[in-house]
2 protein chains.
Amino acid sequence: MYRSHTCGELRAKHIGTEIVLSGWVQKVRDKGFVVWVDLRDRYGITQLVFDEERTPAVLLTEARKLGREYVIQIRGSVIERTSKNPQLQTGEIEILVNGLKVLNSALLPPFTIEDETDGGTDLRMKYRYLDIRRNPVKENLIFRSKVAMEVRNYLSAHGFIEVETPYLIKSTPEGARDFVVPSRMNPGQFYALPQSPQTFKQLLMVGGLDKYFQIVKCFRDEDLRADRQPEFTQIDCEMAFVEQEDVLNAFEGLTRHLLKAIRNVEVDKFPRMTYDEAMRTYGNDKPDIRFDMRFAELNDIAQHKDFQVFNSAELVAGIAVPGGAAFTRKEIDGIIDWLKRPQIGAKGMVYMRCLEDGSYKSSVDKFYDQEDLKKWAEATGAKAGDLVCILSGAIQETRTQLSALRMEMAERLGLRNPEVFAPLWVVDFPLLEKDEETGTYHAMHHPFTSPKPGQLELLDTDPDAVRANAYDLVLNGNEIGGGSIRIHDKKVQGIMFRHLGFTEEEAKAQFGFLMDAFQYGAPPHGGIAFGLDRLVAILGGQETIRDFIAFPKNNSGRDVMIDAPAPIDEAQLEELSLRLRQE
Amino acid sequence: MYRSHTCGELRAKHIGTEIVLSGWVQKVRDKGFVVWVDLRDRYGITQLVFDEERTPAVLLTEARKLGREYVIQIRGSVIERTSKNPQLQTGEIEILVNGLKVLNSALLPPFTIEDETDGGTDLRMKYRYLDIRRNPVKENLIFRSKVAMEVRNYLSAHGFIEVETPYLIKSTPEGARDFVVPSRMNPGQFYALPQSPQTFKQLLMVGGLDKYFQIVKCFRDEDLRADRQPEFTQIDCEMAFVEQEDVLNAFEGLTRHLLKAIRNVEVDKFPRMTYDEAMRTYGNDKPDIRFDMRFAELNDIAQHKDFQVFNSAELVAGIAVPGGAAFTRKEIDGIIDWLKRPQIGAKGMVYMRCLEDGSYKSSVDKFYDQEDLKKWAEATGAKAGDLVCILSGAIQETRTQLSALRMEMAERLGLRNPEVFAPLWVVDFPLLEKDEETGTYHAMHHPFTSPKPGQLELLDTDPDAVRANAYDLVLNGNEIGGGSIRIHDKKVQGIMFRHLGFTEEEAKAQFGFLMDAFQYGAPPHGGIAFGLDRLVAILGGQETIRDFIAFPKNNSGRDVMIDAPAPIDEAQLEELSLRLRQE
């Protein structure tokens, strides 16, 4: 038996008990006549004491030889601590050691195993198993596990069945982003790893399972933006005999439960906003509504003077930055420089300070009088002390830039408080998205999303106008879930595939099984998928998903710890009927 | 809103209520003046009634047009049923329909959607989404989901953290059975799909996570025996600071909990048996101990006469088949023929009836007298009415044949009762297994298994004799779990790799990260992995794992429903820097 207790367990009530502990040496403090050792495991830290008076000399000598991260087992008795440490759960006691065994020695770790470590990201990833010993990383993993359990318990209690769908499936038309897996038993043929279990969950609805969920790994072989992973985890859900309202209510319930159970936060009924409104009011489809600064469109009250910049613009829009009148000229110039960076690409910014005396001071006082500026203040909702920032230009560009500015201002003003949770449903997404380069359309959500009732005909005449029964759940400016009511009619699915540029043969080859299924009594159905990595990070009050993944990959899709991917043997390639292409 | 209730919900107390139901048409019975429709969903069946007196004529006409598996929505009022059906949970009521809407029509299904279907396996797999509508399949999936929830709740309550380990990892030395995944971002390089998360869970122990579990898909690209799948699910577990005893106790607890929670079966402390004893007593390492028929080795009391078959044999061993004396000569000849089939390969069988008068009648009465036979009866534990069956030959062959005979006899006598659960720990497995063809050794469990204390030295002198801290959990003759105490010392791991035929470079290239990890304070650790598919099947009282998998693959590793694997585009191959080999 390696231990009678853990290193987080002993309290004053245990004083006098003989115990056995095992763990890692966190710290050795040698004060000459006495040596203290902090012994650490997952559960906490317990202080061990060796002293000249009470400890055999040989033990004291051994204790002095212990290095950081040595794994040891000790026997001893729990005694009262002279100087108690209220910071530590075990701070009332210490262990007078009477037996010590080194279970494993340790090289000096390449970075300190402390909450604030001196190790950089690359080093920490290479030695991730040491990084995990650090409290913040360990706690994140435990937190993730707790969130997943809450999800499972809630959904199970609400009648959802967790079903495992296959990982070795078939390459799809978005195949360019599929990871493929050569089959040895079927030479020249490949499985694909799922980008999502979409078609399988729909088939489960055709199969009458009624309510399905799964916490499941998904895979996407694409350029990895800063915070994406080639493998990621979804909470995948589907329900039969539902309309959009049913799905929103069901998963609003789940999200509310998680906020309460995990963060003890109570949230009112989630607000809803159409995609169009979100774009108009916040300039993007995942607005952070923890703070205000809604867009005001100012064309009507800003294009009547001789200011050509505004007069030539498709859109003039502004926001009121609370307290922003206090920004210095230099700070404002800094913001304008920031806006002009190529990543944002604004040409400039018009601004106006709302002064305490009710007057206004703007960067375009040459063109506009106080009456004009007052209207701008009213439109943006600016109060005395606020700063109104106005951008102008083509509609989409201006919105995107103003949205970036809004987020930057919120960041500077400390409005993005990770302890505040502001969920939002964005609904009525466009069904299709136009590829501006090729002029072709692809599905904004996915090809199985159902258009709004009565809009099917619009596909031929005005495809951009068609709205879908599709919705996103946004939390603090992050899309944490997205879903739709699906098509359940073979004919409609065929029309969709045609509009997405599939020939009938292609549609049949790729999705024949789904279209077949729709002929045998498919119920109306719909669902949603949450990104677990992101959800956990936000619930944890953080933004980087990598911090909540045990063994993440880097931006090149590499696991630097195990050094994968890696070349394989020629013999293995041959067995798979493959050859490497020489460039 | 598609429904106010499910089809399994309405009872007598609902009589008089106006309701809305949606579901599938199970059956239409047209009696002329009245039409009954059975409406089905996941939760049950509700009877709908349309009659000439109370139903508008147009509705009655529509009802008559309904086909099997049509998806419909109805409105109506709950009324008392004249002839109640106590078989049905909704059998006290029926619905007098006043509104009917066909949500989706259905082609005639290719097999009947009944508990006993007329569809063969291939057809059912091709239309698996229809097969899932059948109660036995649906209930199996729900059962699986319930078992997984019980596992998670139990392990979580006992301090285990579920951690997701990566799916895109590195090919290992058992690489021949790895599925590989070409990386587009790293041309010419491959990930491998995990055969198990073994090294990652060990690194989590090095990382101080203390208690880990995960329900996780694993992958093995090998010839698929009758009841294997290329992707399968494990309950993967690991603990730090444990000896074998701790692991056995922890997972005996889990298994006992599952038997109680899922099957309401109470089991005593699980018996334990060494590998050697299992081989000697049952002829294999996963004995079914629901019934007796232990092997008796008879060399001492059977090799003293002139019977050359026995005298020349390395092993003479027998079992007592309870009640087997009643087998006719013809039946026994049948058994002998069965034994002689190439799959079993026995040369013949000596048998002896234990008669009610205390005398014996054997097939070798020419050679042995009643005194001899009495000793055989005593050794095998045979009583009056039993049949003693004796095989002889080389040790391992004879044991394997006698084990097959024992199972066959149990089957014929109905002793393999799926409602009885007999768990067993088999311990002290050999560390190494010799490849008889090449004379080389490989790890019986895996290369990370620790030899028994003090046996490391034996590796050089008598590798066959080295026993491991390795154990299997056997349930009703099936291995449902297996694990070991791991090596946690870099030097010992190096010695193991050397004995398994790795050069130092190979070991470093493949497992350098693990050996590195062992240098930074690796705790003693060990664990176990359960095959969830098999565990669920056995708990469900069945033997075929495929029946508990939503979308299984066939013996060629194909998903016949979606037709995968399949060829991929030349362009996609090019992006992956691959070319197909022309045979």
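Named according to an unreviewed UniProt entry, chain A is Aspartate--tRNA ligase originating from Muriicola jejuensis. Under the UniProt heading Catalytic activity (unreviewed entry), the entry covering chain A gives this text: "tRNA(Asp) + L-aspartate + ATP = L-aspartyl-tRNA(Asp) + AMP + diphosphate". Looking at the Sequence similarities (unreviewed entry) heading of the UniProt record, one finds this comment for chain A: "Belongs to the class-II aminoacyl-tRNA synthetase family. Type 1 subfamily."

1. Some details on the environment of B:D236
Residue and element names in this part refer to chain B. Within the fold, D236 resides in strand β10 (residues 231–240). Along the sequence, D236 and A529 sit 293 residues apart, while their C-alpha atoms lie 4.4 Å from each other. If we ignore the near neighbours within four places in the chain, the residues touching D236 are P197, K201, Y212, F213, Q214, V216, I528 and A529.

2. Structural notes on the interface of chain B and chain A
With 122 residues of chain B at the interface, the matching set in chain A holds 122 residues. Carbon and sulfur atoms supply 59% of the area buried between chain B and chain A, which totals about 11,000 Å² over both sides. Taken as a group, B:F241, B:Y520 and B:R581 account for 8% of the area that chain B buries against chain A, more than any other trio of residues on that side. If you look at where chain B meets chain A, you find 10 salt bridges. Linking A:E570 and B:R581 is a salt bridge whose minimum nitrogen-to-oxygen distance equals 2.6 Å. Counting across the chain B and chain A interface gives 64 residue pairs in polar contact (both at pLDDT 80 or more). No other element matches helix α4 (residues 135–157) of chain B, which puts nine residues into the side of chain B that touches chain A. When grouped by side-chain class, the residues that make up the side of chain B that touches chain A number 66 nonpolar, 26 polar and 30 charged.

3. Here's the deal with the environment of A:K286
Residue and element names in this part refer to chain A. Among the structural elements, K286 can be located in the loop between α7 (275–282) and β12 (296–297). Expressed as a C-alpha distance, the spacing of K286 and N476, which sit 190 residues apart in the sequence, is 8.4 Å. Once you skip the residues sitting within four places of it in the chain, K286 turns out to touch V474, G477, N478 and E479.

4. Things to note about helix α15 (residues 504–518) of chain B
Relative to the 21 Å expected for 15 residues at 1.5 Å per residue, α15(B) spans just 16 Å between its end C-alpha atoms, considerably shorter than the ideal helical length. The sharpest bend along α15(B) reaches about 85 degrees and sits at B:F511. Among all positions in α15(B), only B:A507, B:F511, B:G512, B:F513, B:L514, B:M515, B:A517 and B:F518 are buried. The elements touched by buried residues of α15(B) are β5 (93–104) and α3 (128–131) of chain A together with α5 (198–206), α14 (490–499) and β22 (525–531) of chain B.

5. Some points on the sheet that holds strand β14 (residues 350–354) of chain A
All names here are of chain A. Within the open sheet, the five strands sit side by side as β12-β13-β16-β14-β15. Their pairing is antiparallel. Taken across any chain shown, the strands that pair with only one partner, and hence form the sheet edges, are β12 and β15 (360–362). Two strands pair when backbone bridges link them, and β14 and β15 are joined in this way by three bridges, in the antiparallel orientation. Within β15, the residue paired with M352 across the bridge is S362. Against the sheet, helix α10 (residues 329–340) contacts β14 and β16 (387–393), and its axis sits at roughly 150 degrees relative to β14.

6. Examining helix α1 (residues 57–65) of chain A
Residues and elements named next belong to chain A. Among all positions in α1, only L59, L60 and A63 are buried. The buried residues of α1 all sit within an arc of 100 degrees when viewed along its axis, so they share a single face. For α1, the exposed residues lying more than 90 degrees away from the buried face are A57, V58 and K65. Against the buried residues of α1 lie β1 (18–30), β2 (34–41), β3 (44–51) and β5.

7. Thoughts on the pairing of strand β20 (residues 470–475) of chain B
All names here are of chain B. Burial of β20 is extensive: six of the six residues sit out of reach of the surface. Burial along β20 is two-sided: the residues A470, D472 and V474 and Y471, L473 and L475 are all buried. Where strand β17 (residues 423–427) meets β20, five bridges bridge the pair, whose relative direction is antiparallel. When the sheet's bridge partners are listed, V427 is paired in β20 with Y471. Here β20 pairs with strand β21 (residues 478–485) via six bridges, running antiparallel. Each bridged residue has a counterpart across the sheet, and for L473 the counterpart in β21 is G481. Between β20 and β21, which follow one another and run antiparallel, lie two residues, and N476 among them has a positive phi close to 55 degrees.

Conventions and cut-offs
Residues numbered from 1 in each chain as written. Chains lettered and ligands numbered in written order. Predicted model: local features only at pLDDT ≥ 70, side-chain atom pairs only at ≥ 80, totals over all residues. Heavy atoms only, no water. UniProt positions renumbered as here; feature names shortened; annotations may be inferred. Helix = DSSP H or I, 4+ residues; strand = E, 2+ residues; numbered from the N terminus. Contact = heavy atoms within 4.5 Å. Buried area = accessible area lost by both parts, 1.4 Å probe. Salt bridge = Lys/Arg side-chain N within 4 Å of Asp/Glu carboxyl O. Polar contact = N/O pair within 3.5 Å; in protein donor to acceptor, adjacent residues only side chain to side chain. Nonpolar A, V, L, I, M, F, W, Y, C, P; charged D, E, K, R; others polar. Expected span 1.5 Å × (residues − 1). Bend = angle between axes of the 7 residues up to and from the residue. Buried < 20%, exposed > 50% of the residue type's maximum accessible area, 1.4 Å probe, protein only. Pairing = 2+ DSSP bridges. Axes fitted to C-alpha atoms, helices over the stretch in contact; angles between N-to-C directions. Arc of directions from axis to C-beta.

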